[in-house]
Every structure is written in C-alpha cells, then in structure tokens.
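Spelled out, the chains give:
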Amino acid sequence: MDQEFIVQLKAQLRGELIEPTDAGYEEARKVYNAMISRKPRLIVKCADVADVIAAVHFGQQHSLKVSIRGGGHNAGGLGVCDDGLVIDLSRINYVHVDPSTKTVRAGSGCTWADMDHATHAFGLAVPSGIISTTGVGGLTLGGGMGHLTRQYGLTIDNLLAADVVLADGSFVVASAKEDPELFWAIRGGGGNFGVVTSFLFQAHPVQTVCAGPMLWEMEQAEDIMKWYRQFIVGAPQELNGFFAFLTVPPGPPFPEALHFKKMCGLIWCYNGPQETANDLLKPLRNFRPPAFEFFAPMPFPMLQSMFDGLYPPGLQWYWKADFVKELSDPAVALHIAHGSQLPTLHSTMHLYPINGAAHRVGNADTPWAYRDALWSQVIVGVDPDPANAERITGWARNYWEALHPFSAGGAYINFMMEGEGEDRIRATYGDNYQRLARLKAKYDPANFFRVNQNIHPDAAAKASG
Ligand SMILES: Cc1cc2nc3c(=O)[nH]c(=O)nc-3n(C[C@H](O)[C@H](O)[C@H](O)COP(=O)(O)OP(=O)(O)OC[C@H]3O[C@@H](n4cnc5c(N)ncnc54)[C@H](O)[C@@H]3O)c2cc1C
C-alpha cells in the first residue's frame, strides 16, 4: 500500500495508527488468547466515532480485510486479523450512568470492570459474564451470560440501543424504535452488521451479593451434579449458580490440603440477604457438606473480578461448547469421566444456567435461538505453556465429542473457536439463521465485516433461490 494513503489516514485520526514497524505494534496485535498470533497490516486505535468512520472508509477504499476489536477476549481471536486492518475500540471507554432511569451508556471499548466500577457507585449493575477483563462489545453482541442471568436475563435482554457504524461508513442508531431490524440482529448476531460504537443498557439494583464457590471431592461429583440439575431449574431467580470441574489453585483462600486437587464446584451468586441465601443452600449443605466454601457477602464487582487473577491475559486457550437441554444420567457419567481428567491447573468445564429470566424471551425475539436450553456448557483447555497446546486441545475435543450427542445442537457463539464451520453457526442460530442472513445481505452485502462467526450474505440468496 502506498505510504501516501497511510499518511492521509493518520491525518484524519484523533487516535493512533500503528504499523508493523512501530514500537507499539507487538503489544497492540496481542489478544487475550496467546494461542492466537496474527499480524495485521494496520491497527487503528480509534479515539471516537469519527475515527471508526474514517477506518471503515479506509478499509473499503483499499479492499482490506477488517476485524473489530473490543476487549480482545474472543476465544478464536476474532478481534485481530492477518494482513488486514484492525479497528481497535479500546480507547472509546467511557461509562455514563443515569441513576434516574437506571440506564447506562458505555463506549464500546469498555471492559466489564469499567462498567461494574461505574455502576456499582449507584448500586446498579448490568448483567454480564464472570470475568471482569472481558470486553463489553464482543460479550454483548454474542448474547452475554453470567452471574445475573437467572435474575435479569442475558446481556442482550438489557440492551436498549446501540450506535452503529455500518459497512458503508454511515452512522445509525439501532433500538426498538429506530432501525428495529438491525437492533434485532445485533442482539446475538455478533460483529456481522457493523461497528457498534456505544451501547445503552438497562441496569438493575445490585449492590452486595452473597457469592462464591463451594467445592466437593471428585467422588461426590455425581451426587452434586444430580442435585444441581434438579435444584437450579426451580431455584428462585435471584440465585445463580454454575457448575464447574476445576483444579484448586495453590494459594489463599484455599486450604493447603486441597491445593492442586481436582474437584467439582458450584459458584453461587445470590442477590439478596445472607439469611435467605443460607436458607436456600441449607439442603445442599446438609446433603453433601462442601469440603471447602468461600461463600460470603461481597460487593458485586468483587465477585466479578474473583477469577481475574487466575486467568491473566497470555495463556493458551482452546474452547469447545454446546447448549444443553437435559443433563441425563449417561451425560453426568461422561462428564465425570472427562472432567476428572482435567489436563492442567487452569483447564475447566463450566455449565452456566441460562434459564430463569433468560427464558422470558422467545426463541425468535433475538437471534439467540436456544431460549429453551437450560445450560450453556463450555469445555476449556487452558495453560500458560505453549508446549501443552496439543494436550489441552486434545482433552477438550475428546470431552466435547463424548458429550455433543447429548447436547441441543448449537453452542454459544462467543465460546466458539475460529473456523468451526458454517454448519455450527447455522446450528447455533437455528430458525433465526435465514433472517440473520437476509439482514446481513441488507446491511453488509459484500461481507465487509467477515472476521467473526460469519453469517454469509449469500446464504439469504441461496435460500430464496
Ligand atoms: C476468560 C474469559 C471468560 C469469559 N466469560 C464469559 C462469560 O462469563 N459470559 C459470556 O457471555 N462470555 C464470556 N466469555 C466470552 C466472551 O463473551 C467472548 O470472548 C467475547 O467475544 C469477548 O468480547 P471482547 O470484546 O473482549 O472480544 P474481542 O476479541 O475484542 O472481539 C470479538 C469479536 O466481537 C465482535 N465485536 C467486539 N466488539 C465489537 C463492536 N463494538 N462492534 C462490532 N463488533 C464487535 C467482533 O466480531 C470481534 O471480532 C469469556 C471469555 C474469556 C476469554
């Protein structure tokens, strides 16, 4: 590319333009998953919406592959691309809370730590995930589930509006009133439809929660899984709890006797008084007293950042996921067979409940087509050492292959690696896929935004022809 064009782009930006020869390039191209190493031609660290518009026009004029980067956490590293242009939003990271309407406007470069910090001061929170370093952008556009899902729904269920720069560089607002079709598509359709520059959310009263993990010996995993599968379906919506296979980290608050032990656990979040939480969990404590528990009242941001230290950026990650409608006895047995063989300290399997408030929305109301599923299951091989990449990948694949026949078909789009194939994306969107493809053909007919779990615009033509 002619250097003259790059100089022209630089002159248009308030933010920074980073090229491979620049000092900041190596740092800027890194994403959270160190298994991913891509080398873009240009990285635009946008300072504002005008920068995003300039970057989109530049990408179009020079027919560049373009990726959109929010928090850089995507499993498949979809925030970064080889030889193309990265639209990096991390500098657009303001949060404005309106306590009178309990609404929150967030710039698309925010992490959930930025959000939680800002909303907590007002006794509010927006439902998100379980790790505070994750980006608001990617998590929201894929759906978003975490500690508040059962009470307040998925993150997309709390999205009121979004500012979007489309593939032709035009700026639109998407909400229930303005451009409702685009608003439908972005609530689960990922980064297929444009660059979202800000999000407007409905927040909810969340201040101190009673939360934390309870752990049991692996020998009790069958009892705990079977108890949990029944309990969580009927539990009050203020209570969230996800199941995990994990290895106990070697440090506080865990007792030394449990360090490095493979165990199973339930990680709770109750948005209410401690006495009620204890009443709800009394049957479980009586049934199988936990080997260890760290369940206590804490500020919500403390829960949100509880696992950040265990999972810093720069580890190797390999993910395999599915939606699950039923946790049958044979599935429980297979879970234990594979879950008890966690290959490394950081590897884990989580079953996130996606019932409760998330079930109040219909399958066709947003692209998230599995409102009738009970869990979102994710198997993640994780380790700091690249030499273990094959080991963690092999374990996660074998585990997934054993359990996939018991799944509902598709998977949470944000828990997929790159290149899982169109069939997996179709299975995930189910009956909503054709509508998404039609909207993709309308908003991005040339598939300019294709570094994502891609919905190809041609899929709409194929279906109608
Ligand atoms: C440690 C860890 C824990 C996680 N826990 C949870 C969890 O509890 N719940 C949950 O729901 N998910 C969770 N996730 C998955 C997470 O939702 C996805 O990884 C998500 O893609 C991260 O968003 P990001 O902005 O950080 O990603 P990025 O890598 O920056 O972006 C990913 C993709 O999202 C799209 N995108 C991002 N921002 C924009 C934007 N502003 N406009 C248009 N497109 C955009 C683009 O297609 C981009 O390629 C977790 C991920 C990790 C690594």
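Below or above, wherever it landed, is the structure these notes cover. (Residues numbered from 1 in each chain as written. Predicted model: local features only at pLDDT ≥ 70, side-chain atom pairs only at ≥ 80, totals over all residues. Heavy atoms only, no water.)

1. Looking at the overall build of the protein chain
Thinking step 1. Assigned secondary structure in the protein chain consists of 15 helices and 19 strands.
Thinking step 2. Compactness check: the protein chain gives a C-alpha radius of gyration of 22 Å against a globular reference of 23 Å for 465 residues, within 12% of the reference.
Thinking step 3. Counting only C-alpha atoms and orienting by the principal axes, one finds that the protein chain spans roughly 70 × 50 × 50 Å.
Thinking step 4. Counting over 465 residues, the protein chain shows a buried share of 59%.
Thinking step 5. Here the analysis covers contacts within the protein chain between residues at least 6 apart in sequence; of these, 73% occur between residues at least 24 apart. (Helix = DSSP H or I, 4+ residues; strand = E, 2+ residues; numbered from the N terminus. Rg over C-alpha atoms; globule rule 2.2 N^0.38 Å. Buried < 20%, exposed > 50% of the residue type's maximum accessible area, 1.4 Å probe, protein only. Contact = heavy atoms within 4.5 Å.)

2. Observations regarding the environment of V95
Thinking step 1. When you line up the elements, V95 lands in strand β5 (residues 95–98).
Thinking step 2. Residues V95 and S108, 13 residues apart in the sequence, show an inter-C-alpha distance of 9.6 Å.

3. Digging into the nonpolar core
Thinking step 1. Of all hydrophobic cores here, the largest spans 119 residues; its most connected members are F243, F245 and W268.
Thinking step 2. Of all the elements, helix α8 (residues 221–234) adds the most residues to this core, at 7 residues.
Thinking step 3. Ignoring sequence-local partners within four residues, the contact set of F243 consists of I224, M225, Y228, C264, G265, L266, M349, H350 and L351.
Thinking step 4. Grouped together as the second largest cluster of nonpolar side chains are 23 residues, I6, L9, L13 and V165 included. (Core = buried A, V, L, I, M, F, W, Y, C linked by side-chain atoms within 4.5 Å.)

4. Quick notes on the environment of S347
Thinking step 1. With respect to the helices, strands and loops of the structure, S347 is situated in the loop between α11 (329–339) and β18 (348–353).
Thinking step 2. Placed 35 residues apart in sequence, S347 and V382 show a C-alpha to C-alpha distance of 4.6 Å.
Thinking step 3. Aside from chain neighbours lying at most four places away, what touches S347 is F245, L246, L342, V380, G381, V382, I392 and W395.
Thinking step 4. Side chain to side chain, S347 and T344 meet in a polar contact 2.5 Å long.
Thinking step 5. In terms of polar contacts, S347 uses its side chain to reach the backbone amide nitrogen of V382, at 3.0 Å. (Polar contact = N/O pair within 3.5 Å; in protein donor to acceptor, adjacent residues only side chain to side chain.)

5. Here's the deal with the packing of aromatic side chains
How two aromatic rings sit relative to each other is given by the distance of their centres and the angle of their planes.
Thinking step 1. A full pass over the atoms with the stated rule returns 20 aromatic pairs.
Thinking step 2. Through successive ring pairs, a cluster of aromatic residues spans Y32, F242, Y311, W317, W319, F323, Y352, W368, Y370, Y412 and F415.
Thinking step 3. Residue placement shows R288 over the ring face of F287; its charged tip is 4.3 Å from the ring centre.
Thinking step 4. Above the face of the W400 ring, K320 is positioned so that its terminal group lies 4.0 Å from the ring centre. (Phe/Tyr/Trp six-rings, centres within 6.5 Å; stacked < 30°, edge-to-face > 60°. Lys NZ or Arg CZ within 6 Å of the ring centre and 35° of its normal.)

6. Looking at the site of the ligand
Thinking step 1. Around the ligand, the structure places 35 residues, and the nearest of them are G70, G72, L78, M145 and Y412.
Thinking step 2. Interatomic distance of 2.9 Å between a backbone N/O atom of G71 and an oxygen atom of the ligand.
Thinking step 3. The fraction of the free accessible surface of the ligand (950 Å²) that becomes covered by protein chains is 98%.
Thinking step 4. Listed by contribution, the elements that provide at least two residues to the shell around the ligand are β3 (66–69), α5 (136–142), β10 (195–202) and β17 (316–324). (Near = heavy atom within 4 Å. Areas by Shrake-Rupley, 256 points an atom, 1.4 Å probe, with all protein chains shown as cover.)

7. A closer look at the pattern of salt bridges
Think of it this way: side chains of opposite charge can pair up when their charged atoms draw near.
Thinking step 1. This model, assessed by the stated rule, comprises 22 salt bridges.
Thinking step 2. In this structure, K45 and D88 form a salt bridge, with 3.8 Å as the shortest nitrogen-oxygen distance. Placement of the pair is K45 in strand β2 (residues 42–45) and D88 in strand β4 (residues 85–88), with a sequence separation of 43 residues.
Thinking step 3. Overall, the relative accessible area of 1% leaves D88 in the buried class.
Thinking step 4. Within this structure, E222, K226, R229 and D329 form a network of salt bridges that share partners. (Salt bridge = Lys/Arg side-chain N within 4 Å of Asp/Glu carboxyl O.)

8. So, the pairing of strand β13 (residues 239–247)
Thinking step 1. Burial analysis of β13 places 9 of its 9 residues in the buried class, the great majority of the element.
Thinking step 2. Neither face of β13 is open: one carries L239, G241, F243, F245 and T247, the other N240, F242, A244 and L246, and all of them are buried.
Thinking step 3. As defined by bridge partners, β13 adjoins β18 across 3 bridges and the pair is classed as antiparallel. The residue of β18 that forms the bridge with A244 is H350. (Pairing = 2+ DSSP bridges.)

9. Some details on the packing of α8 against helix α9 (residues 274–287)
Thinking step 1. Packing of α8 against α9 brings their axes to within 11 Å, and their N-to-C directions diverge by 160°. Considering their axes alone, α8 and α9 lie roughly antiparallel with respect to each other. Of the two elements, α8 crosses α9, and the hand of that crossing is right-handed. Contacts between α8 and α9 involve D223, I224, W227 and F231 on the former and, on the latter, L280, L281, L284 and F287.
Thinking step 2. Per-class residue counts for the contact of α8 with α9 are 7 nonpolar, no polar and 1 charged. (Axes fitted to C-alpha atoms, helices over the stretch in contact; angles between N-to-C directions. Parallel < 35°, antiparallel > 145°, perpendicular 65-115°, else oblique. Left-handed = near helix turned anticlockwise from the far one by under 90°. Nonpolar A, V, L, I, M, F, W, Y, C, P; charged D, E, K, R; others polar.)

Taken by themselves, the reported measurements are silent on function.
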